[in-house]
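A closer look at the structure
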Amino acid sequence: MARAGITADRLTEAAADLADEVGFEKVTMSALARHFGVKDASLYSHIKNLQELRTRVALLAGAEMIDRIAVAVAGRAGKDALAAFAGAYREYALERPGRYAATQIRIDQALVADSPGFRRTAEITYGMLRAYGLAEPDLTDAVRLLRSTFHGYCALESTGGFGAARDVRKSWARAIDALHVLLENWPREEPTDG
């Protein structure tokens, strides 16, 4: 029998909160059961297994993150949109470290395709890059460059990986300036047939 008040959505929210407190990799069904004051087995009537729970947290976090980014980029284009997008990305990664870590896991592509948050992420990201005049396959390459740059910077910053005395925010601003110049001067690849 399901415990009153426990739902898959409540479990997902609690797991996301726990991830921010202790780290995404430390979220377990047992830790979540302790949080709700129930036995582990009682959670399985709501969530199939730990993988499903982690996937749910990843989808929740991805939707939260793109909501922030959407608000930041609304009405902006070019460098202003890029800076707003990057800033919202970085703020989310640093403020919600467990949730952010969840956004980096590999998710079954069928689930991703059905996710409204993922579709919104693609629309906003590709829309911002189209302002630079990019089309496929350059759009995909640019998305991969931005994601790896933003993720790498945030991962290093969150662990204190930048040891130089220069303020990391100034370096971040310069990185965005450099990405803007690169996007404006992107080496276009001719689309291929087939």
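Source: prediction; values computed, not measured. (Residues numbered from 1 in each chain as written. Predicted model: local features only at pLDDT ≥ 70, side-chain atom pairs only at ≥ 80, totals over all residues. Heavy atoms only, no water.)

**Side note on the packing of aromatic side chains**
For any two aromatic rings, the description comes down to two numbers: the centre-to-centre distance and the angle of the planes. The line we're drawing: When two rings of Phe, Tyr or Trp (its six-membered ring) have centres within 6.5 Å they constitute a pair, described as stacked for plane angles under 30 degrees, edge-to-face for angles over 60, and tilted for the intermediate range. Going along the chain from the N terminus, every DSSP run of H or I of four or more residues is numbered as a helix, and every run of E of two or more is numbered as a strand. Think of it in three bands: residues with accessible area under 20% of the maximum for their type are buried, residues over 50% are exposed, and the middle band is partly exposed, with areas taken using a 1.4 Å probe on protein chains only. For a Lys NZ or an Arg CZ to count as sitting over a ring, it must be within 6 Å of the ring centre and within 35 degrees of the ring normal.
A full pass over the atoms with the stated rule returns six aromatic pairs. Relative to Tyr100, the ring of Tyr89 lies with its centre 5.6 Å away and its plane at 75°, an arrangement referred to as edge-to-face. One end of the pair, Tyr89, is in helix H4 (residues 78-95); the other, Tyr100, is in helix H5 (residues 97-102), and eleven residues separate them in sequence. For the residue pair Tyr89 and Tyr100, the accessibility class agrees, reading buried in each case. Above the ring of Phe24, the side-chain terminus of Arg54 is found at 5.5 Å from the ring centroid. For the cation-ring pair, Arg90 lies above Trp172, with the distance from its terminal atom to the ring centre recorded as 5.5 Å.

**Thoughts on the layout of surface pockets**
For clarity, the cut-off: A cavity here means a set of 1 Å grid points, computed over protein atoms only, where a 1.4 Å probe fits but cannot escape. A pocket is an open set with protein on both sides within 12 Å along at least 5 of 7 lines, and lining residues have an atom within 4 Å of a point. Grid points are joined across faces, edges and corners, and a volume is the space filled by probe spheres set on the points. Throughout this entry, Asp, Glu, Lys and Arg are counted as charged residues, while Ala, Val, Leu, Ile, Met, Phe, Trp, Tyr, Cys and Pro are counted as nonpolar. The remaining residues, Gly among them, count as polar.
A volume near 950 Å³ is recorded for the largest pocket. In this structure, the largest pocket is lined by 29 residues; those nearest its centre are Thr103, Phe118, Thr121, Val143 and Arg147. For the lining of the largest pocket, the elements supplying multiple residues, two or more each, are helix H3 (50-73), H4, helix H6 (109-113), helix H7 (116-130) and helix H8 (138-158). Per-element tally for the lining of the largest pocket: the top contributor is H3, with seven residues. Of the residues that constitute the lining of the largest pocket, the class distribution is 17 nonpolar, nine polar and three charged. Considered as a void within the structure, the second largest pocket measures approximately 170 Å³ in volume. If you trace the second largest pocket, you find it lined by Asp9, Thr12, Glu13, Glu52, Thr55, Arg56, Leu59, Leu60 and Leu111. Counting residues per element, the ones that place at least two in the lining of the second largest pocket are helix H1 (8-22) and H3.

**Comments concerning unusual backbone geometry**
Across the junction of Glu136 and Pro137, the peptide omega takes the value 5°, indicating a cis bond. Relative to the helices and strands, Pro137 is located in the loop between H7 and H8.

**Remarks on the pattern of salt bridges**
Put simply, the test is: Any carboxyl oxygen of Asp or Glu within 4 Å of a side-chain nitrogen of Lys or Arg constitutes a salt bridge here.
Applying the stated criterion across every chain yields a total of 13 salt bridges. The salt bridge involving Asp9 is made with Arg56; its shortest N-O contact spans 2.8 Å. Taken as a pair, Asp9 in helix H1 and Arg56 in helix H3 lie far apart in primary sequence, 47 residues in all. Accessibility expressed as a relative area gives 54% for Asp9, which makes it exposed. Several salt bridges share partner residues, and in doing so they unite Glu13, Asp17, Asp20, Glu64, Arg96 and Arg99 into one network.

**Some details on the nonpolar core**
Selection criterion: Buried residues of nine kinds, namely Ala, Val, Leu, Ile, Met, Phe, Trp, Tyr and Cys, make up a nonpolar core once their side-chain atoms join them within 4.5 Å. Here a residue-residue contact requires only that any non-hydrogen atoms of the pair lie within 4.5 Å.
Membership of the largest hydrophobic core comes to 34 residues, with the highest contact counts inside it found for Ile69, Leu82, Leu129, Leu134, Leu146, Phe150 and Leu183. Among the secondary structure elements, those contributing two or more residues to this core are H3, H4, H7, H8 and helix H9 (168-184). The biggest single contributor to this core is H4, with nine residues. The contacts of Leu134, once residues within four sequence positions are left out, are Leu129, Leu139, Ala142, Leu183, Trp186 and Arg188. Counting 24 residues, the second-largest nonpolar core is a separate cluster that includes Ala19, Val27, Val38 and Leu53.

**A look at the confidence of the model for the protein chain**
Selection criterion: Scored from 0 to 100, pLDDT reflects the predictor's confidence in each residue.
Residue-level pLDDT values for the protein chain average 92, and 96% of them are 70 or greater. Ranking the elements of the protein chain by mean pLDDT puts H6 last with 78 and H4 first with 98.

**With respect to H8**
Just so we agree on the cut-off: In this analysis, the expected span of each helix is defined as 1.5 Å times one less than the number of residues it contains. Here the arc refers to the set of directions running from the helix axis out to each C-beta atom.
Between the first and last C-alpha of H8 there are 30 Å, a value that for 21 residues agrees with the 30 Å anticipated at 1.5 Å per step. By the burial criterion, the buried members of H8 are Asp138, Leu139, Ala142, Val143, Leu146, Phe150, Tyr153, Cys154 and Glu157. All buried residues of H8 project into a common sector of 135° when viewed along the axis, lining one side. Its buried side turned inward, H8 meets H4, H7 and H9. Looking at the residues trailing H8, positive phi occurs at Gly160, about 75°.

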